[in-house]
Amino acid sequence: MNTISETGSNKLSEFNISYKRGLDHNYLIIRYEGDTPTDYQINMLYENDIPGFLKLNVKNSNAGYDFNYEISSLQPIGRLFENKTISFDKLSNLLKGLIRCFKSAHEYLLDENNIILEPGLIYINVETHDLYLLLYPYYESDYNKSFLTLSEYILERADHSDSRCVMMSYNLFRIIKTGSFTIGDIEKLIQEIPEKETTEEIQPVKNTPPREESLSKKEPLPKEDSLPRIPVVPATKKKKSLLGNLLSKNRVPFNISRNNSVPLFDDDIPEKNINFHDNKKIFESDSPNMFFENYEEEISTEFKDAYDDDNEEYGKTTLLNTENKSSGLSSHKLIYKEKGNEKVIDLCNLPLTVGKVKDCVDVVIKDPSVSRVHASLYTDNGKIMLKDLGSTNGTCLNGLILEEEKPIELEEGDVISFGKVTATYV
């Protein structure tokens, strides 16, 4: 029997994963080569629609078995937050989804150590925001260790311009690090986060003409001795960042960066610098005991949509029966037409994702044939690559539909189709 362990630097590489696009369904497939699967959990996932878990169907194929997990209209959080920070609302929804999933696991007697908490395999419905986990019965993991790794991922990508998001992500990490947490502890954490503060609107003072009596009678000026004394405030020390205050107060020795997320649990190791985002300014606090006073808002330089923002919604993706292709010219750009107007997708800031839901992608294409999260473009050894992300109507290159999650290099003059929207790369 072959099993999958969670050791190794790149856990996804340990899975024999492929993707299949059906007529109206998309599947993630894990190949299993061994004896006939008889695990109790397989039958539970096949016979029941368990809240928070991907639906499973096992098929016999070529001296082995394919575990087919349905992922239609779902996207992994590792993709959604690859170039974006996790806002407070999204973090709250993510934790509530995890709570829901593990309560379902308890109800259906599923083994929590067989649940994969890898960001690339934790799925979200971008329309309903429901979260879905993948349970593979031959996956061997340590539940506490998997949750700790996930909490580090969340802490690294938390929106540092929101004090509540920082508080929730840090406290989550602190709770998980104890190694003796329960789902109830996470539920309590969500409940303890204060509501967002609202400031009362200040009404303008009406300019009313002064009464004649007040003009005729002049009050004498107060004597100098009666004037209140303004205390001299000494120069303050250099402000410490909010995360700096949190970490120095609680002495959590670990190092997190975009390229390295390895926890250090030796108390004798000195504190490490934490680099969450090289191009971001973390808001600051004067007092280590008042974490969220006097903070400066983060200056965000996130990639903006390729077009002017409007709030037009397109709803569910319309399945196409025919193809309509055209061509244009571009130079390190994709050029296409929208309602007769030429639109340009600049490829200078890669990677980027293309789709029709603004909060989930970097570039929005306003067409009902385009999926919510449709495709991605990125660089690999100086080459620009295109990859379909499980879109409903598919991504085509020069008339040939791409396999899901199979990248292909772009060359000068290529014509790309996102649903019925076509663009040209030069």
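Regarding the overall build of the protein chain
Line of reasoning, step 1. Of the regular secondary structure elements, the protein chain holds eight helices and 26 strands.
Line of reasoning, step 2. Across the 426 residues of the protein chain, 43% fall into the buried class.
Line of reasoning, step 3. Looking at the protein chain alone, contacts between residues at least 24 apart form 62% of all its contacts between residues at least 6 apart.
Line of reasoning, step 4. When the accessible surface of the protein chain is totalled, it reaches about 24700 Å², and 47% of it is carbon and sulfur.

Concerning the pattern of salt bridges
Line of reasoning, step 1. A complete count under the given rule lists twelve salt bridges for this structure.
Line of reasoning, step 2. Its salt-bridge partner being K387, residue E405 comes within 3.7 Å of it at the nearest N-O pair. You can see E405 sitting in the loop between β23 (400-401) and β24 (408-409) and its partner K387 sitting in strand β21 (residues 383-388), a full 18 residues away along the chain. Here E405 and K387 have matching classes, each one buried.
Line of reasoning, step 3. One salt-bridge network, in which partners are shared between bridges, spans R31, E33 and D66.

Here's the deal with unusual backbone geometry
For residues other than glycine, phi is negative in most cases, and the peptide bonds are mostly trans.
Line of reasoning, step 1. Residue L350 is joined to P351 through a cis peptide bond whose omega torsion reads 5°.
Line of reasoning, step 2. Along the chain, the position of P351 falls in the loop between β17 (341-346) and β18 (352-355).
Line of reasoning, step 3. Residues other than glycine seldom take positive phi values, yet K339 does so here, at roughly 55°.
Line of reasoning, step 4. Within the element layout of this structure, K339 appears in the loop between β16 (333-338) and β17.
Line of reasoning, step 5. Unusually for a residue other than glycine, N381 sits at a positive phi of about 55°.
Line of reasoning, step 6. Its place among the elements puts N381 in the loop between β20 (375-380) and β21.

Focus: helix α1 (residues 40-47)
Line of reasoning, step 1. Regarding α1, the residues found buried are Q41, I42, M44 and L45. Down the axis of α1, the buried set is contained in an arc of 165°. They therefore lie on one face.
Line of reasoning, step 2. Here the buried face of α1 lies against β4 (56-60), β5 (65-70) and β10 (134-135).
Line of reasoning, step 3. Its side-chain oxygen 2.8 Å from the backbone nitrogen of Q41, D39 forms the N-cap of α1.

A few points about the packing of helix α3 (residues 88-107) against helix α5 (residues 163-177)
For any two helices packed against each other, the geometry comes down to the angle between their axes and how far apart the axes lie.
Line of reasoning, step 1. Relative orientation of the contacting elements α3 and α5 amounts to 35°, with a least axis distance of 9 Å. Considering the relative orientation of α3 and α5, their crossing is left-handed. Counting all contacts with α3, which are made through F88, L91, S92 and L95, the residues of α5 involved are R164, C165, M168, S169 and L172.

Section: the sheet that holds strand β9 (residues 131-132)
Line of reasoning, step 1. Overall, antiparallel pairing links the three strands, which are arranged β6-β8-β9 in an open sheet. Each having just a single partner strand, β6 (74-76) and β9 make up the two edges of the open sheet.
Line of reasoning, step 2. In the sheet, strand β8 (residues 123-125) pairs with β9 via two bridges, with the strands oriented antiparallel. Along β9, the bridge assignment pairs I124 with L131.

Quick look at helix α6 (residues 183-192)
An α-helical turn contains 3.6 residues, so any two residues separated by three or four positions project in the same direction.
Line of reasoning, step 1. Listing the buried residues of α6 in full gives I183, I186, L189 and I190. Along the axis of α6, the buried residues cluster in a sector spanning 115°; they form a single face. Residues of α6 that are exposed and point more than 90 degrees away from the buried face comprise Q191 and E192.
Line of reasoning, step 2. For α6, the secondary structure elements touched by its buried residues are α3, α4 (143-157) and α5.

With respect to the environment of I345
Line of reasoning, step 1. Note that I345 resides in strand β17.
Line of reasoning, step 2. In this structure the C-alpha to C-alpha distance between I345 and H332, which are 13 residues apart in sequence, comes to 8.9 Å.
Line of reasoning, step 3. In this structure, I345 is in contact with K333, L334, Y336, L352, V363 and I365, ignoring residues within four places of it in sequence.

Notes on empty space enclosed by the protein
Line of reasoning, step 1. Tallied over the full model, the rule gives two cavities of 30 Å³ or more.
Line of reasoning, step 2. By volume, the second largest cavity is sized at about 30 Å³.
Line of reasoning, step 3. Lining the second largest cavity are R79, L80, E82, N83, K84, T353, C360 and D362.
Line of reasoning, step 4. Residues belonging to the lining of the second largest cavity are distributed by class as follows: two nonpolar, two polar and four charged.

Some details on the environment of V166
Line of reasoning, step 1. By secondary structure assignment, the location of V166 is in helix α5.
Line of reasoning, step 2. When the C-alpha atoms of V166 and S87 are compared, they prove to be 9.5 Å apart, with 79 residues separating the residues in sequence.

Reading the values: rules and limits
- Residues numbered from 1 in each chain as written.
- Predicted model: local features only at pLDDT ≥ 70, side-chain atom pairs only at ≥ 80, totals over all residues.
- Heavy atoms only, no water.
- Helix = DSSP H or I, 4+ residues; strand = E, 2+ residues; numbered from the N terminus.
- Buried < 20%, exposed > 50% of the residue type's maximum accessible area, 1.4 Å probe, protein only.
- Contact = heavy atoms within 4.5 Å.
- Areas by Shrake-Rupley, 256 points an atom, 1.4 Å probe, with all protein chains shown as cover.
- Salt bridge = Lys/Arg side-chain N within 4 Å of Asp/Glu carboxyl O.
- Arc of directions from axis to C-beta.
- Polar contact = N/O pair within 3.5 Å; in protein donor to acceptor, adjacent residues only side chain to side chain.
- Axes fitted to C-alpha atoms, helices over the stretch in contact; angles between N-to-C directions.
- Left-handed = near helix turned anticlockwise from the far one by under 90°.
- Pairing = 2+ DSSP bridges.
- 1 Å grid on protein atoms, 1.4 Å probe; cavity = no way out; pocket = protein on both sides within 12 Å on 5 of 7 lines; lining within 4 Å.
- Points joined across faces, edges and corners; volume = space filled by probe spheres on them.
- Nonpolar A, V, L, I, M, F, W, Y, C, P; charged D, E, K, R; others polar.

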